[in-house]
Each structure stands twice: as structure tokens, then as C-alpha cells.
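Structural features, examined
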Amino acid sequence: MSTDIDAAAGPDAGRRDALADRLFQSMIASAELASVWLGLRLDLYELLREHGPATVAELAGRAGIDTRYAREWLEQQAVAGFLDVEPGPAGDPDQAAGEDWEIRRYRLPEPHAEVLLDADHPAHAGATAYWIGSLAEVLQRIPGLYRSGAGLPYPEYGADVRLAIANFNRPMFVNDLAGWFAATPGLQARLAADGARVLDAGCGIGWSSISLARAFPSLRVDGIDADEASIAEARQLAEGAGVAERVRFRVADAAELGAAGEGGYDAAFVFEALHDMARPVEALQAIRGLLAGDGVLIVADEKVAETFTAPGDEVERLNFGFSWWHCLPASRAETPSAAAGTALRPATVRRWAEQAGFAGLRELPVDHLFWRFYELRG
């Protein structure tokens, strides 16, 4: 977007105009991301992949939606470059671009289908759209939280937040999880041993637990999460994955695990959940108490800068972009709360580990775009 404001406004005009353009581009991007959410919620992409190119009337009939709305969504998706428009019946590309919308056919390119629909594919990014659904669910409530200092319980962010988190991380668990442990000497062998047991704290809807069980065929996994809806979904997914006999899920607060009685775990894992915990030190203490004498805790959390830096890179911006409306308010729904927010710095993890009684912490040499890995022992 170009601004026609007089350039004589001063030496900061370029900076001003750059921000104006950035916000304009963000408006387009956020509106298009919301349109992807709609396509996923109504199975429109799935129908285009399953049945092939479709006219407006064909897609409307298959999806059970209004024809005029179907036309609007299809045209918007084509303008955005998400869908292709096929040439007309005579092979005339100009006909596809004309006003005869009733015969125009829309196609979902297979590379785009992999990104939008293939939840296990390394390039899957359709889950990003579910964040828009969750944000829409709660946005009008956020100003009130900022005034009162209150929090917003995780379940009130809706089903979309579970899908957003789980399906964004799912390709990493499915494709990369076993390789992460090569950085911890002896851990892979220990997980592969008969009778090995692990704890997956903050498991969400269970893809980390399921992936652990798939990677190590004799491993028994206990997944816990404080969210009842997540645990219910995790149990269903474990059944569908054929690992329910070795993967148990239950509703539990990690900070209250000391009263659970079970222990002797060979390893424990906290994948991208420590920063969300209201009582992280108590959670680490409880997990430590459930480990076998030589057991290890692996924590993976956000790969933010070591210290606050502004402006930040894309990973830093991503994490703060979620923190202000989701991670921080959700953690403040409990009292007391560490109120860490998403940007969990390494120094904070180290301090919490020491307070929890761990004798040693080291950062693992795992090459990961979004997460930093920690090994806690003793």
C-alpha cells in the first residue's frame, strides 16, 4: 500500500509508511487465513481433493452450503492463489477468467492439498488457520482481562485451540521425535528396552504420546493433561492408532503428580507445555519425584532469544504473537501463577530446574526451528 501523505512530513516518513504497509499486508493475510479456516471447517478442501475440480454448483451441492456463498469462497480462494481455475470447456484460459461463473471449475493443486490437509506431512500448515478460530472465540474478552488482571481458562479458547496446537506440532512428532533423543546418550536404548515406562506431561490430544509408542514398540506411555476435552480426544486417537494398550491418558495437573503414587519412570517429557504451567517449579518437582534414580526429564520449549531483544526475529514475533492473548491469559487462570508467557528464556528454565531440585541441566544439540531442548537430571 502506498501512502500519498506528503513526503515532507519529516525524516521518519519512510518508517511510518513501512508500518502502514505492513499493517495493510497483515490485514490481507489475516483475512485469507480466516478463509482457510472456513474451508477446513466445511470440508471444502477435502471435497475438492476427493472429487476433483468443481463448479460452484457442484461444490455447493457436495458440501451442503449456499450457492452464492460457495461462489464467493471459491473466487476468493482463486484470487488468493490457493485454488487454480481450470481453462474453459474449449481450453480457452480467458473463459476461465471471464464472468461466466457457472461453468468455471476450481481445482485444489496437490502441493496445496499436502499443506492444507495432510496432517502428517512435514509441510503441513493448515493448522495455522485454527488459531484464527480460537482468537475469534475470545478476542472481545481480552481487553477486560487486561483491565482486571484476570486469566482465561484454557477450555474457553474452544476446540480450535486444541486443533491448532496439536496439528501444528503433529508432523514434528510423527516424523522427527525419535531422532531428537540421539542427543541424549543412552536414552534411545533405554526407551527401547522391555518394560520401559515414560511420562508425557502436558500431552494435549496425545500425538507426542502416540508417536513415542510408535517409535518404541515395547514402550509404555502415561500421558497427562489438565484439560478434560484434550484427554478424551487423546484416548480416541490412541485407539485409532492401535496403541491404546500401551498408552494411558488421564486428566491430571502436573503440579499435583506427587500424590499420584506411581513412579519409577525411565524418562519424562514436557513438550511445549512448561511455559503454560501456572506452577512450573512444582510441576518439575513432582515429575522429578516420579523418575527412576537414573531417569531423565526432557523439556522442549520455545526457541526464543536468550534475552529480550527488540525488534525480534520471526520466531520471537511468533511467540509473542500468541502470548499476549493465549498463553499468558490461560496460565493466569490459576492462582498463584508464574505467568511466564510464551517467551520462556533458557535462564528461566535453568532457574526453575534448580528450584525443583534437579542437579543438572544442559541444552541438547537438537536442530529445531521452533524449540530448544533441555535435559534435566538428578
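Owing to the predicted nature of the structure, the values given are computational and were not obtained by experimental measurement.

**With respect to the overall build of the protein chain**
Looking only at helices and strands, the protein chain has 15 helices and nine strands in total. Reported as C-alpha extents along the three principal axes, the dimensions of the protein chain are approximately 75 × 60 × 35 Å. Evaluated residue by residue, the protein chain yields a buried proportion of 43% over its 378 residues. Of the contacts made within the protein chain by residues no fewer than 6 positions apart, 68% connect residues no fewer than 24 positions apart. Averaging the locations of the 34 positively and 56 negatively charged side chains of the protein chain gives two centres separated by 6 Å.

**What to know about the packing of aromatic side chains**
If you walk through the whole model with that rule in mind, you get 16 aromatic pairs. Ring centres 4.3 Å apart and planes at 35° place the aromatic pair Trp131 and Phe322 in the tilted group. Note that Trp131 is positioned in helix H7 (residues 128-138) and Phe322 in helix H14 (residues 314-331), a separation of 191 residues in sequence. Accessibility expressed as a relative area gives 12% for Trp131, which makes it buried. Counting every residue linked through ring pairs, the aromatic cluster contains Phe173, Trp180, Phe181, Phe216, Phe269, Phe271, Trp371 and Phe373. It is Arg197 that lies over the ring of Tyr265; its NZ or CZ is 4.4 Å from the centre.

**Comments concerning the pairing of strand S6 (residues 265-271)**
Taking burial as the measure, the seven residues of S6 include seven buried ones, the bulk of the element. One ladder, built from three bridges, connects strand S3 (residues 197-201) with S6; its direction is parallel. If you follow Asp200 over to S6, its bridge partner there is Phe269. Summarising the sheet, S6 and strand S7 (residues 291-302) pair through six bridges and their orientation is parallel.

**What to know about the layout of surface pockets**
Approximately 260 Å³ is the volume found for the second largest pocket. What lines the second largest pocket is a set of 14 residues, among which Leu40, Glu46, Leu116, Leu117 and Tyr130 lie closest to the centre. Grouping the constituent residues of the lining of the second largest pocket by class yields eight nonpolar, three polar and three charged.

**Points about a nonpolar patch on the surface**
Side chains of Leu139, Tyr146 and Trp324 sit close together on the surface and give an oily, nonpolar patch of about 320 Å² of accessible area. Here Trp324 falls in the partly exposed class, since its relative accessible area comes to 38%.

**Focus on the side chain of Ser323**
Its place among the elements puts Ser323 in helix H14. Sequence-distant contacts of Ser323, defined by excluding residues within four places in its chain, comprise Leu328, Pro329, Gly341 and Thr342.

**A closer look at the nonpolar core**
Counting 36 residues, the largest nonpolar core has Trp180, Phe181, Leu191, Phe269 and Phe271 as the members making the most contacts within it. At the level of elements, helix H9 (159-180), helix H10 (187-192), helix H11 (207-215), helix H12 (228-241), strand S5 (247-251), S6, S7 and strand S9 (371-377) are the ones that each hand at least two residues to this core. In terms of residues, this core owes the most to one element, H9, which gives five residues. Setting aside residues no more than four positions away along its own chain, Leu191 makes contact with Phe181, Ala196, Val198, Phe216, Leu219, Ala267 and Phe269. With 31 residues, the next largest nonpolar core counts Ala54, Leu59, Ala113 and Ile142 among its residues.

**Here we look at the pattern of salt bridges**
For the structure on display, the rule yields 23 salt bridges. Ionic pairing is found between Glu58 and Arg105, a salt bridge with its closest N-O pair at 3.2 Å. Within this pair, whereas Glu58 is found in helix H3 (residues 56-63), its partner Arg105 is found in the loop between helix H5 (93-96) and strand S2 (106-107), the two being separated by 47 residues in sequence. Judged by its relative accessible area of 28%, Arg105 is partly exposed.

The rules behind the values
- Residues numbered from 1 in each chain as written.
- Predicted model: local features only at pLDDT ≥ 70, side-chain atom pairs only at ≥ 80, totals over all residues.
- Heavy atoms only, no water.
- Helix = DSSP H or I, 4+ residues; strand = E, 2+ residues; numbered from the N terminus.
- Buried < 20%, exposed > 50% of the residue type's maximum accessible area, 1.4 Å probe, protein only.
- Contact = heavy atoms within 4.5 Å.
- Lys, Arg positive; Asp, Glu negative; His and termini not counted.
- Charge placed at Lys NZ, Arg CZ, Asp CG, Glu CD.
- Phe/Tyr/Trp six-rings, centres within 6.5 Å; stacked < 30°, edge-to-face > 60°.
- Lys NZ or Arg CZ within 6 Å of the ring centre and 35° of its normal.
- Pairing = 2+ DSSP bridges.
- 1 Å grid on protein atoms, 1.4 Å probe; cavity = no way out; pocket = protein on both sides within 12 Å on 5 of 7 lines; lining within 4 Å.
- Points joined across faces, edges and corners; volume = space filled by probe spheres on them.
- Nonpolar A, V, L, I, M, F, W, Y, C, P; charged D, E, K, R; others polar.
- Patch = residues over 30% accessible without salt bridge, like charges linked within 9 Å, V, L, I, M, F, W, Y side chains within 5 Å.
- Areas by Shrake-Rupley, 256 points an atom, 1.4 Å probe, with all protein chains shown as cover.
- Salt bridge = Lys/Arg side-chain N within 4 Å of Asp/Glu carboxyl O.
- Core = buried A, V, L, I, M, F, W, Y, C linked by side-chain atoms within 4.5 Å.

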